[in-house]
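Here are the chains, one letter per residue:
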Amino acid sequence: MKTQDIPDGKTIVVLGATGQQGGAVARALLATGRWKLRTITRDTTSPSAANLARQGVDVRAASLDEPGSLQTAFEGAYGVYSVQGTDGGADRELRRGIAVADAAKANRIEHFIYASVGGADRAPGVPHFESKGRIEQHVRNIGLPATIVRPTFFMDNFSRALPRWVLIALMRSYLPDAKPLQMIAVDDIGRWAVRAFDDAAAFIGQAEEIAGDELTRAEIVAILRRHGRTTGLPVGVPRILRPAIPDDFLKMFEWFARAGYKADVGALRAKQPDMMTFDQWLTRTDVR
């Protein structure tokens, strides 16, 4: 289905629209003026929900932990963008992802996009990658007309000083000096989602790993320095911080070192030329 063929008034349900990735997808879809947007929240009176409603988003009360509420929330929709956070652990994420897919199937959703993660199909031992891989398999098993998007590491994880410092320390501790880390801006995930919903015929049945840049730790640090965003470089992860870093996160960095993401950045740029590099993202983003 090409952009010009999309009937007016089709509704897409974007999960997590008050969050990072879902918010980027909602903003990108709203900016087109071609789609109606719906989202769900436990509290429709919250400031974030009220802000979405002011932008014309249909905000409905529902919960990822209450499958019956999802059935109602998806009624009459054309598409769903499904993203689940890792809060509560991999088992909870798995239950939620399956419940969302089942509700979409029951409501005959015509285009279901599941937001997985790069490497979900080849990262044994990383719990939140494995859970997403199992959700992917469930989506395929039940026969949803679906697209799988597998984003790489979020550039937005470098937005704040303390997380940025910890990430640089982890890269120094785990990644070989010559090993690049593939990254993507969440706003580019939103623009990718617009492409996918606008041209469903080309995307349904596909799974794509996406990244806008790939840089070594030294290259990341050099770019941060140019933007005045380093105040001293860690030599490794201090012992006092290690207990506070989830084991799942450390296993992810171990996987970065031995394997890592495999997005075809060149091919993606050919299809989506405005995909941001890390340097461009820093120029356009409020990084503190």
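Please read these numbers as outputs of a predicted model, since none were measured by experiment. (Residues numbered from 1 in each chain as written. Predicted model: local features only at pLDDT ≥ 70, side-chain atom pairs only at ≥ 80, totals over all residues. Heavy atoms only, no water.)

A. Just the sheet that holds strand E4 (residues 79–82), in detail. Reading across from one edge, E3-E2-E1-E4-E5-E6-E9 is the order of the seven strands in this open sheet, with parallel pairing throughout. Only two strands of the sheet have a single neighbouring strand rather than two, namely strand E3 (58–61) and strand E9 (207–210). On average, each strand axis in the sheet is inclined to that of its neighbour by 20 degrees, with strand direction left out of account. As defined by bridge partners, E4 adjoins strand E5 (residues 111–115) across four bridges and the pair is classed as parallel. Bridge pairing links Val80 to Phe112 in E5. This element, helix H1 (residues 20–32), spans strand E1 (11–14), strand E2 (36–41), E4, E5 and strand E6 (146–151) of the sheet and lies at about 160 degrees to E1. (Pairing = 2+ DSSP bridges. Helix = DSSP H or I, 4+ residues; strand = E, 2+ residues; numbered from the N terminus. Axes fitted to C-alpha atoms, helices over the stretch in contact; angles between N-to-C directions. Contact = heavy atoms within 4.5 Å.)

B. Quick peek at the sheet that holds strand E10 (residues 213–215). Here three strands make up an open sheet; going across it, the order is E7-E8-E10 and the pairing mixed. Each of the sheet's edge strands pairs with one partner strand only, and the pair in question is strand E7 (153–154) and E10. Relative to strand E8 (residues 181–184), E7 runs parallel, the two sharing two bridges. In the sheet register, Phe153 faces E8, and the bridge partner there is Met183.

C. Inspection of the packing of helix H4 (residues 90–106) against helix H5 (residues 127–141) at higher detail. Two elements in contact, H4 and H5, have axes whose closest approach is 9 Å; the angle formed by their N-to-C orientations is 20 degrees. Relative to H5, the element H4 is oriented roughly parallel. Considering how the two elements wind past one another, H4 and H5 form a crossing that is right-handed. Counting all contacts with H4, which are made through Ala90, Glu93, Leu94, Gly97, Ile98, Ala101 and Asp102, the residues of H5 involved are Pro127, His128, Ser131, Lys132, Arg134, Ile135, His138 and Val139. A per-class count over the contact of H4 with H5 returns seven nonpolar, four polar and four charged. (Parallel < 35°, antiparallel > 145°, perpendicular 65-115°, else oblique. Left-handed = near helix turned anticlockwise from the far one by under 90°. Nonpolar A, V, L, I, M, F, W, Y, C, P; charged D, E, K, R; others polar.)

D. Structural view of the pairing of E5. Most of E5 is tucked away: five of the five residues are buried. The parallel pair E4 and E5, bridged by H4, forms a crossover whose chirality is right-handed. Pairing between E5 and E6: four bridges, direction parallel. Bridge pairing links Phe112 to Ala146 in E6. Taken together, E5, H5 and E6 constitute a β-α-β crossover, and its handedness is right-handed. (Buried < 20%, exposed > 50% of the residue type's maximum accessible area, 1.4 Å probe, protein only. Right-handed = clockwise from strand over helix to strand, strands pointing away.)

E. Structural context of the environment of Thr41. In this structure, Thr41 sits in strand E2. For the pair Thr41 and Gly16, spaced 25 residues apart in sequence, the C-alpha to C-alpha distance is 8.3 Å. Among all residues touching Thr41, those that are not within four sequence positions of it are Ala49, Val59, Arg60, Ala61 and Ala62. Reaching out from Thr41, the side chain makes a polar contact with the backbone nitrogen of Asp43 at a distance of 3.2 Å. (Polar contact = N/O pair within 3.5 Å; in protein donor to acceptor, adjacent residues only side chain to side chain.)

F. Structural context of the nonpolar core. In this structure, Val14, Leu29, Tyr81, Trp192 and Phe197 are the most contacted members of the largest nonpolar core, which totals 37 residues. For this core, the secondary-structure elements that each account for two or more residues are E1, H1, helix H2 (47–54), E5, helix H7 (186–198), helix H8 (200–203) and helix H11 (265–271). Sorting elements by how many residues they give to this core places H7 first, with seven residues. In this structure Val14 touches Gly22, Val25, Ala26, Leu29, Leu37, Arg38, Thr39 and Tyr81, once residues within four positions along its chain are discounted. Among the nonpolar cores identified, the runner-up in size contains 34 residues, and Ala120, Met171, Leu181 and Phe256 belong to it. (Core = buried A, V, L, I, M, F, W, Y, C linked by side-chain atoms within 4.5 Å.)

G. Spotlight on the packing of aromatic side chains. Summed over the entire model, instances satisfying the criterion amount to 15 aromatic pairs. Judged by centre distance (6.4 Å) and plane angle (50 degrees), the ring pair of Tyr174 and Phe253 falls under tilted. One end of the pair, Tyr174, is in helix H6 (residues 161–174); the other, Phe253, is in helix H10 (residues 247–258), with 79 residues separating them in the sequence. Aromatic pair Trp255 and Tyr261: ring centres 5.6 Å apart, planes at 80 degrees, arrangement edge-to-face. Comparing Trp255 with Tyr261 shows no difference in burial state: the two are buried. Put simply, the rings of Phe129, Phe153, Phe158, Tyr174, Phe249, Phe253, Trp255, Phe256, Tyr261, Phe278 and Trp281 touch in pairs and so form one group of aromatic residues. (Phe/Tyr/Trp six-rings, centres within 6.5 Å; stacked < 30°, edge-to-face > 60°.)

H. Focus on the pairing of E8. What you see with E8 is no split at all: Leu181 and Met183 on one side and Gln182 and Ile184 on the other are buried throughout. As for the winding sense of the linkage, the β-α-β connection from E7 through H6 to E8 is right-handed. Two elements, E8 and E10, share three bridges in a ladder whose sense is antiparallel. Residue pairing for E10: Met183 is matched across the bridge by Asp213.

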